[in-house]
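# Chain and residue survey
Listed below are the residues making up each chain.
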Amino acid sequence: MTLELTHTLPALPYSHNALEPFIDAQTMQIHHGKHHQAYVDNLNKAVPGTAAEGKSLEDIMAIMSTLPVAIRNNGGGHYNHSLFWSILGNNGSQPSEQLSEAINAAFGSMEGLQEKMNTAGTTRFGSGWAWLSVNAEGNLQVSSTPNQDNPLMDVAEVKGTPILGIDVWEHAYYLHYQNRRPDYLKAIWSVINWDAVSALYAAAKAH
Ligand code: MN
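Calculation notes
Residues numbered from 1 in each chain as written. Predicted model: local features only at pLDDT ≥ 70, side-chain atom pairs only at ≥ 80, totals over all residues. Heavy atoms only, no water. Donors = N, O, S within 2.8 Å, 3.2 Å for Na, K, Ca; no water. Buried < 20%, exposed > 50% of the residue type's maximum accessible area, 1.4 Å probe, protein only. Helix = DSSP H or I, 4+ residues; strand = E, 2+ residues; numbered from the N terminus. Expected span 1.5 Å × (residues − 1). Contact = heavy atoms within 4.5 Å. Pairing = 2+ DSSP bridges. Axes fitted to C-alpha atoms, helices over the stretch in contact; angles between N-to-C directions. Left-handed = near helix turned anticlockwise from the far one by under 90°. Nonpolar A, V, L, I, M, F, W, Y, C, P; charged D, E, K, R; others polar. Polar contact = N/O pair within 3.5 Å; in protein donor to acceptor, adjacent residues only side chain to side chain.

### What about the coordination of the manganese ion?
- For the manganese ion, every protein donor is listed as His31 (NE2), His81 (NE2), Asp167 (OD) and His171 (NE2), and the spread of their distances is 1.9 to 2.1 Å.
- Counting gaps between the donor residues of the manganese ion yields the pattern H-x49-H-x85-D-x3-H.
- The class for Asp167 is buried, based on a relative accessible area of 0%.
- His171 gets classed as buried once you look at its relative accessible area, which sits at 18%.

Here it is in structure tokens:
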């Protein structure tokens, strides 16, 4: 196996305690260092001998219906968490003018978006994700997926390019919030890196 065929854990772009008090350092250590690392390791074990061999993560998502379930779970886990770390931060940023206009057009306001995302995350039974994505028409949409699925997968009910994903697995919040998923969802809006989300939005629109 050559290096470019191996998937690797991306470094966190900030320290483990950077998202305190909204997301605690111990949760970040376990979530990134143990959970995400396990998705990467298990993906690398599952890929050899399949059509996912030599493909980028994004390209793997597009053919997920043809691949073993271990690649769906662990490839999804790797993609989703890589995106998640990149759209979090404690930098006080705001959505770009373009993204802000698109949010207002689709959801009425930032509060409207947050309410829709939090409902998607709260009503997802068991483990999964809430997503803000850009659909084929270039419009913003909110959806949720079970397990480690995401809107890039050909198996997704609602397909699009994700620009913001919120992990609603218990491992994302249980140490600090116990069973209070709605409290976690309310808090996470304080640590969204809108510069990163705005850049993903611009890239998705240019696609
Ligand atoms: Mn997670």
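### Describing helix 3 (residues 69-86)
- Its 18 residues give helix 3 an end-to-end C-alpha distance of 26 Å, which sits within 8% of 26 Å, the value for a rise of 1.5 Å per residue.
- On its buried face, helix 3 sits against helix 1 (25-46), helix 2 (57-62), strand 1 (128-134), strand 3 (161-167), helix 7 (181-188) and helix 8 (194-206).

### Some thoughts on the sheet that holds strand 1
- Spatial strand order, 2-1-3: three strands in an open sheet with antiparallel pairing. Single-partner strands in this sheet number two, and they are strand 2 (140-146) and strand 3. Put simply, the sheet's adjacent strands are angled 25° from each other on average, direction ignored.
- Pairing analysis gives six bridges linking strand 1 to strand 3, with the strands arranged antiparallel. Within strand 3, the residue paired with Ala130 across the bridge is Ile166.

### As for the packing of helix 4 (residues 97-107) against helix 5 (residues 110-123)
- Two elements in contact, helix 4 and helix 5, have axes separated by 8 Å at closest approach and are oriented at 65°. Handedness of the helix 4/helix 5 crossing: left-handed. Contacts from Ile103, Asn104 and Phe107 in helix 4 reach Met110, Gly112, Leu113 and Lys116 in helix 5.
- Taken together, the residues of the contact of helix 4 with helix 5 break down into four nonpolar, two polar and one charged.

### What about the environment of Pro146?
- For Pro146, the position within the fold is in strand 2.
- For the pair Pro146 and Phe84, spaced 62 residues apart in the sequence, the C-alpha separation amounts to 16 Å.
- Those residues in contact with Pro146 that lie beyond four places of it in its chain are Arg124, Ser127 and Gly128.

### Overview of the side chain of Thr145
- Note on placement: Thr145 falls in strand 2.
- Look at Thr145 and you get buried, because its relative accessible area is 5%.
- Side chain to side chain, Thr145 and Trp131 meet in a polar contact 2.8 Å long.
- Filtering out sequence-adjacent residues up to four positions away, Thr145 remains in contact with Arg124, Ser127, Gly128, Trp129, Trp131, Asn150 and Pro151.

### Considerations on unusual backbone geometry
- A cis amide bond, omega 0°, links Glu20 with the succeeding residue Pro21.
- Here Pro21 shows up in the segment before helix 1.
- One non-glycine residue, Asn147, adopts positive backbone phi at about 55°.
- Within the element layout of this structure, Asn147 appears in the loop between strand 2 and strand 3.
- Asn147 gets classed as partly exposed once you look at its relative accessible area, which sits at 39%.
- With phi around 50°, Gln178 is a residue other than glycine that occupies positive phi space.
- For Gln178, a relative accessible area of 31% gives the class partly exposed.

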